[in-house]
Amino acid sequence: MKKVRKAVIPAAGLGTRFLPYTKAEPKEMLPIVDTPTIQYIVEEALGSGIEDILIITGHNKKSIEDHFDKSYELESELEKSGKTEMLRQVQAISNLVNIHFIRQKEAKGLGHAINCARAFVGDEPFAVLLGDDLVYSKKPCLAQLIDVYKEYGGSVLGVQTVPHAEICKYGCVAGEKIGERTYTVCDLVEKPKIDEAPTDVAILGRYIITPEIFDILSETRPGAGGEIQLTDALRVLAKSGKMYAYDFEGRRYDVGDKEGFLEATVEYALRRDDLKEKFAAYLKSEIEGRL
Ligand code: G1P
């Protein structure tokens, strides 16, 4: 069985749910407390044993490249002023892992973006992590999926059950339970109508996919929203090969959504030793003052 060594992070979306911020800045750079969302995603990949990452960018994504690059000017300033802890943090970011970039020239959907990774991936199983989905968990979410891959092989989708009214926002999975948290996937539908969704089990931005997906993606026609959908290609892959879904452990945030972003900001701040006491007291008094 081939090891999962490579990960693809699509970051080419227009971020229309977060305008006006996203007019000139990529939504992947939205900070959760003081760290851009995409850095948490890269750290999750690293913590799961990934060795090479491809970030698929679109227009105005320069700051993502700069963030993971070396910053000579900033480093020498920090060094001169003796801010060694900050210097260490800044250097650690650019030393994280091998990060490669490619541009998706047209916004034709997630399936189209993933197909841009074909040459990078080659003939290996690979991981996909979506930048909107942030997962806080003891064991990195991707590492949980890799465990399932090691046990069963095939492709593995990270899923959780969502409220029935929200399944229309996601890729929906129908399957048969084969373990406490593991299913075999029988069918997939991208953004089903609420009354047509076979289940309330949603794909939440983490995948391990076998390389056969690329031939399928090349043939995939636009689906929901007029975009080339990864879910539609996965549906074809599920019919011809092994595919599993894993109900991962962890708190997932949709940081591409204003409410999800605020929830992540508050909860990450409340987990930080340097912030939690003062911030909790502030939140408490703010809420009591408004009730
Ligand atoms: C994408 C996928 C969808 C998945 C979702 C997870 O949708 O197409 O299958 O459930 O991410 O966040 P998007 O949120 O880009 O519309």
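Just so we're clear, the structure is a prediction, and the values are computed from it rather than from any experiment.

Undergrad: What am I meant to see in the side chain of T22 here?
TA: Along the chain, T22 falls in the loop between β1 (6-11) and β2 (31-32). A distance of 3.4 Å separates a polar atom in the side chain of T22 from the backbone nitrogen of L19. For T22, the residues in contact, after removing those within four places along its chain, are L14, G15, K27 and N60.

Undergrad: Mind showing me how you'd approach the packing of helix α3 (residues 72-80) against helix α4 (residues 84-94) here?
TA: Two measures define how a pair of helices packs: the angle their axes make with one another and the distance between the axes. Their axes nearest at 9 Å, the elements α3 and α4 cross at an angle of 155°. Here α4 runs roughly antiparallel to α3, going by the angle between their axes. Relative to α4, α3 is oriented so that their crossing is left-handed. Residue-level inspection shows L74, E75, L78 and E79 of α3 in contact with α4, the latter providing M86, L87, V90, Q91 and S94. Looking at side-chain class alone, the contact of α3 with α4 contains five nonpolar, two polar and two charged residues.

Undergrad: Which parts of the structure should I look at to understand the pattern of salt bridges?
TA: If the charged atoms of two oppositely charged side chains come close together, the side chains can form a pair. The tally for this structure, following the rule as stated, stands at 30 salt bridges. The salt bridge involving K80 is made with E77; its shortest N-O contact spans 3.5 Å. Taken together, the residues K80 and E77, both in helix α3 and three residues apart, mark about one turn of the helix. According to the relative accessible area criterion, E77 is partly exposed, its value standing at 46%. Ionic pairing is found between D133 and R252, a salt bridge with its closest N-O pair at 2.5 Å. Here R252 lies in strand β13 (residues 251-254) and D133 lies in strand β7 (residues 133-136), a separation of 119 residues in the sequence.

Undergrad: Whenever I open this one, the nonpolar core confuses me. Can you help?
TA: Side chains of nonpolar character tend, in soluble globular proteins, to be buried together. Formed by 48 residues in total, the largest nonpolar core has its most connected members in I38, I53 and I55. Of all the elements, helix α7 (residues 141-152) adds the most residues to this core, at six residues. When near neighbours in sequence (up to four residues on either side) are disregarded, I53 contacts A7, I9, V42, A45, V97, N98, I99, H100 and F120. Formed by 32 residues, the second largest nonpolar core is a distinct cluster that contains F120, V185, I209 and L217.

Undergrad: Looking at this structure, I do not really get the site of the ligand. What am I missing?
TA: Residues in close proximity to the ligand include L110, L130, D133, Y170, G171, E190, K191, I203, G205, Q229, T231 and R252, which together make up its full environment. Within the side chain of K191, a nitrogen or oxygen atom sits 2.7 Å from an oxygen atom of the ligand. Taking 380 Å² as the accessible area of the ligand by itself, protein coverage stands at 79%.

Undergrad: Any chance you could explain the packing of aromatic side chains here in plain terms?
TA: Each pair of aromatic rings is reported with the distance of its centres and the angle of its planes. For the structure shown, the criterion picks out seven aromatic pairs. Taking the centre distance of 5.3 Å and the plane angle of 80° together, the rings of F18 and F261 count as edge-to-face. Here F18 is found in the loop between β1 and β2, whereas its partner F261 is found in helix α10 (residues 258-270), with 243 residues between them in sequence. In this structure F261 comes out as buried when scored by relative accessible area, which is 15%. Members of the aromatic cluster, joined through ring pairs, are Y40, Y136, Y253 and Y268. Seen from the ring of F18, K258 lies directly overhead, with NZ or CZ sitting 5.8 Å from the centre.

Undergrad: Sorry, what's going on with the side chain of S155 here?
TA: Within the element layout of this structure, S155 appears in strand β8 (residues 155-161). Residue S155 is classed as buried on the basis of its relative accessible area, which comes to 0%. The contacts of S155, once residues within four sequence positions are left out, are I208, I209, T210, L237, K242, M243 and Y244.

Undergrad: I tried to follow unusual backbone geometry on my own but got confused; where do I start?
TA: With an omega dihedral of 5°, the bond running from L19 to P20 counts as a cis peptide bond. Mapping P20 onto the fold places it in the loop between β1 and β2. One non-glycine residue, V33, lies in positive phi territory at about 65°. Within the element layout of this structure, V33 appears in the loop between β2 and β3 (35-36). Unusually for a residue other than glycine, K191 sits at a positive phi of about 45°. Position of K191 among the secondary structure elements: in the loop between β10 (182-190) and β11 (201-209). Taking relative accessible area as the criterion, K191 reaches 41% and is therefore assigned partly exposed.

Undergrad: So what exactly am I meant to see when it comes to the pairing of strand β6 (residues 126-129) here?
TA: Each regular strand displays side chains that alternate between the two surfaces of the sheet. The alternating pattern of β6 places F126 and V128 and A127 and L129 on opposite faces, both of which are buried. Where β1 meets β6, three bridges bridge the pair, whose relative direction is parallel. Among the inter-strand pairings, K6 is bridged to a residue of β6, identified as F126. The pairing of β6 with β11 spans four bridges and is antiparallel. Note on β11: the bridge partner recorded for L129 is R206.

What counts as what
- Residues numbered from 1 in each chain as written.
- Predicted model: local features only at pLDDT ≥ 70, side-chain atom pairs only at ≥ 80, totals over all residues.
- Heavy atoms only, no water.
- Helix = DSSP H or I, 4+ residues; strand = E, 2+ residues; numbered from the N terminus.
- Polar contact = N/O pair within 3.5 Å; in protein donor to acceptor, adjacent residues only side chain to side chain.
- Contact = heavy atoms within 4.5 Å.
- Axes fitted to C-alpha atoms, helices over the stretch in contact; angles between N-to-C directions.
- Parallel < 35°, antiparallel > 145°, perpendicular 65-115°, else oblique.
- Left-handed = near helix turned anticlockwise from the far one by under 90°.
- Nonpolar A, V, L, I, M, F, W, Y, C, P; charged D, E, K, R; others polar.
- Salt bridge = Lys/Arg side-chain N within 4 Å of Asp/Glu carboxyl O.
- Buried < 20%, exposed > 50% of the residue type's maximum accessible area, 1.4 Å probe, protein only.
- Core = buried A, V, L, I, M, F, W, Y, C linked by side-chain atoms within 4.5 Å.
- Near = heavy atom within 4 Å.
- Areas by Shrake-Rupley, 256 points an atom, 1.4 Å probe, with all protein chains shown as cover.
- Phe/Tyr/Trp six-rings, centres within 6.5 Å; stacked < 30°, edge-to-face > 60°.
- Lys NZ or Arg CZ within 6 Å of the ring centre and 35° of its normal.
- Pairing = 2+ DSSP bridges.

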